[in-house]
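Summary of structural features
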Amino acid sequence: MLPIERQNRIKALILNKRNIKISELSQTLQVSEMTIHRDLKPLIETGMIIKTFGGISLNSSEAGKLDDTQTCVFCSSGVDERQAYRLILSNNQIEVACCAHCGLLRQRQLGDDVTQAICHDFLKQTTISAPDAWYVMDTSIHMGCCQPQVLTFQFKEHAVKFVKGFGGNVYPFQEAIEVLDQKMNPNHPHCCQADKKGR
Ligand SMILES: [Zn+2]
Ligand SMILES: [Zn+2]
């Protein structure tokens with residue numbers, strides 16, 4: 001794993017857990033604690049994380065951003081935590097989208113400026129890394145957020161089982177972005193506006 005990849009993993013982990021021990025990071029990422037300290041240096045310099053005894057903590061202002069009730073960066077809807085999709089930008093700013101639909105579209109808009117993204121497993125509600133997640137579209141279950149709806153799963157196996165029961169298709173990350181983009185052709189109003197037009 002490249003240092004930049006490890007740093008992105010560390011960002012996702014710290015956003016999820018808020019506090020982590022260096023020894024835990026070293027175990028999870030299978031590198032020495034010395035290497036972890038090197039990886040952490042730029043993250044500490046930007047103020048995203050702070051050093052604690054034997055570990056690191058998420059900077060409290062960043063943690064506050066995670067807890068705030070916020071509006072979606074893409075469609076300005078209110079954010080329901082269970083469906084929230086968070087993007088971590090290259091300057092370590094955090095953006096929140098109301099659901100994977102807006103998260104993926106925002107991700108496409110920003111491209112390489114997004115260094116990591118996290119969302120929730122639909123079944124277990126655990127925080128998962130968005131690039132490693134599985135995306136379900138065109139299912140019969142409606143969660144009441146943006147259309148076309150995108151649900152996120154940690155395991156492909158779970159997504160496949162879900163689709164067997166409730167219909168839909170399963171896509172990996174990049175494909176999900178492309179498929180969603182195709183669905184969102186310019187003549188088609190964005191979901192969040194479509195409701196207001198009383199479609
Ligand atoms: Zn949205
Ligand atoms: Zn949404």
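Heads up: the structure comes first, above all this text.
As a starting point, this report considers the structure included with it. Nothing here was measured: the structure is a model prediction, and the numbers come from that model.

**What about the packing of aromatic side chains?**
The final tally for this structure, using the stated rule, is five aromatic pairs. With centroids separated by 5.6 Å and ring planes inclined at 50°, the aromatic side chains of Phe 122 and Phe 153 adopt a geometry described as tilted. With a gap of 31 residues between them, Phe 122 in the loop between β6 (114-120) and β7 (127-129) and Phe 153 in strand β9 (residues 150-153) connect regions that are remote in the sequence. The interplanar angle of 45° and the centroid separation of 6.1 Å between the aromatic rings of Tyr 135 and Phe 173 together place this pair among those described as tilted. In this pair, Tyr 135 sits in strand β8 (residues 134-137) while Phe 173 sits in helix α7 (residues 173-183), placing the two residues 38 residues apart along the sequence. Judged by relative accessible area, which is 0%, Tyr 135 ranks as buried. Judged by its relative accessible area of 10%, Phe 173 is buried.

**Digging into the coordination of the zinc ion (ligand 2)**
Cys 98 (SG), Cys 99 (SG), Cys 145 (SG) and Cys 146 (SG) make up the full set of protein donors to the zinc ion (ligand 2), lying at 2.3 to 2.4 Å. Taken together, the four donor atoms coordinating the zinc ion (ligand 2) and their angles of 101 to 119° define a geometry best described as tetrahedral. Going along the chain, you hit the donors of the zinc ion (ligand 2) in the pattern C-C-x45-C-C. Between the zinc ion (ligand 2) and the zinc ion (ligand 1) the interatomic distance amounts to 3.8 Å, and Cys 98 serves as a bridging ligand to the pair. For Cys 99, a relative accessible area of 3% translates into the label buried.

**Quick look at the sheet that holds β7**
Read across the sheet, four strands follow the order β5-β4-β6-β7 without closing on themselves; strand pairing throughout is antiparallel. Each edge of the open sheet is held by one strand with a lone partner, namely β5 (94-97) and β7. Taken pair by pair, the neighbouring strands of this sheet meet at an average axis angle of 25°, ignoring direction.

Cut-offs used in this document
- Residues numbered from 1 in each chain as written.
- Chains lettered and ligands numbered in written order.
- Predicted model: local features only at pLDDT ≥ 70, side-chain atom pairs only at ≥ 80, totals over all residues.
- Heavy atoms only, no water.
- Phe/Tyr/Trp six-rings, centres within 6.5 Å; stacked < 30°, edge-to-face > 60°.
- Helix = DSSP H or I, 4+ residues; strand = E, 2+ residues; numbered from the N terminus.
- Buried < 20%, exposed > 50% of the residue type's maximum accessible area, 1.4 Å probe, protein only.
- Donors = N, O, S within 2.8 Å, 3.2 Å for Na, K, Ca; no water.
- Tetrahedral: all angles 85-135°; square planar, octahedral: opposite > 155°, others 65-115°.
- Pairing = 2+ DSSP bridges.
- Axes fitted to C-alpha atoms, helices over the stretch in contact; angles between N-to-C directions.

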